[in-house]
Amino acid sequence: MSIAAVTRPLLRLLLPPRCLLCGARGDGDRDLCAACAAELPRNVACCARCALPLPAPAALCGACQRRPPPWDAAWAPFRYAWPLDHLVTRFKFGGNLAAGRALAALWAEASAPPALPMCVIPVPLHARRLGRRGYNQALELAAPLARALGLPLAPQALRRVRATDAQSELGRAARRRNVRGAFAVAADALPAHVAVLDDVATTGATLAECARALKRAGVARVDAWTLARAAAR
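Attention here is on the structure that accompanies the text. (Residues numbered from 1 in each chain as written. Predicted model: local features only at pLDDT ≥ 70, side-chain atom pairs only at ≥ 80, totals over all residues. Heavy atoms only, no water.)

**A word on the state of the cysteines**
- Enumeration according to the criterion identifies zero disulfides in this entry.
- No disulfide involves C22; its nearest neighbouring cysteine sulfur is the one of C33, lying 3.7 Å away.
- Using a relative accessible area of 46% as the deciding quantity, one classes C22 as partly exposed.
- Free of any disulfide, C64 has its nearest cysteine sulfur in C50, 3.7 Å distant. (Disulfide = S-S within 2.5 Å. Buried < 20%, exposed > 50% of the residue type's maximum accessible area, 1.4 Å probe, protein only.)

What follows is the structure, encoded as structure tokens:
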């Protein structure tokens, strides 16, 4: 048994986790209390193809009927709304890894999609942005989720071949242009069914570009997994 495994329970006893949202004592080992965790917006009614939140579940939303995305199915257990968006911002841009651990734990507890892939591929960061941030938020979410689902993780399957502007600062059309040709498959061989994973889907431009690269490399089915899906704007 490692020293960390022995000391972790003692540290938790002396310094119990506090809720990242309200400051109350956390629920078990989680840095969220049960009340705040229950308030996180679940994406229970959505488009099966792109996970867009809808008034009622549907096989295809209006946008997917007009122009289906290049992936085959989507899974996003949460909606990108308060207070989950606050946690994601702290994790992604504020360097708060405790928020990332809490979000990863919540995702691992969500009901799994009906069809599991053969591996999980986190969306890669460009080396320049990875150096500035110090971690890839998609990988930090993907690793515990893949472990909970018993799936292989393939963090090197995709690589970002050029630096891009931050998607959060761009409009819909600019997001598509920004990531066009930004990803390449780095693995020699990939299974027939994979899931590409990111933290949040807004327009889906990044996931779409990843899916196109994977399908050009011969992957038959690509699913798009995100922790949360933003509503239509």
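**Regarding the environment of W82**
- Here W82 lies in the loop between β2 (78–79) and α4 (84–93).
- C-alpha of W82 to C-alpha of E39: the two residues are 43 residues apart in sequence and 8.7 Å apart in space. (Helix = DSSP H or I, 4+ residues; strand = E, 2+ residues; numbered from the N terminus.)

**Quick word on the nonpolar core**
- Grouped together as the largest cluster of nonpolar side chains are 35 residues, with contacts concentrated most on L103, W107, L197 and W225.
- For this core, the elements supplying multiple residues, two or more each, are α2 (34–39), α4, α5 (97–109), α7 (137–149), β6 (193–201) and β7 (221–229).
- The biggest single contributor to this core is α5, with seven residues.
- Sequence-distant contacts of L103, that is, excluding residues within four places in its chain, are made with L84, L87, V88, F91, L141 and L227.
- Listed in part, the 26 residues of the second largest apolar core include C61, C119, A201 and A224. (Core = buried A, V, L, I, M, F, W, Y, C linked by side-chain atoms within 4.5 Å. Contact = heavy atoms within 4.5 Å.)

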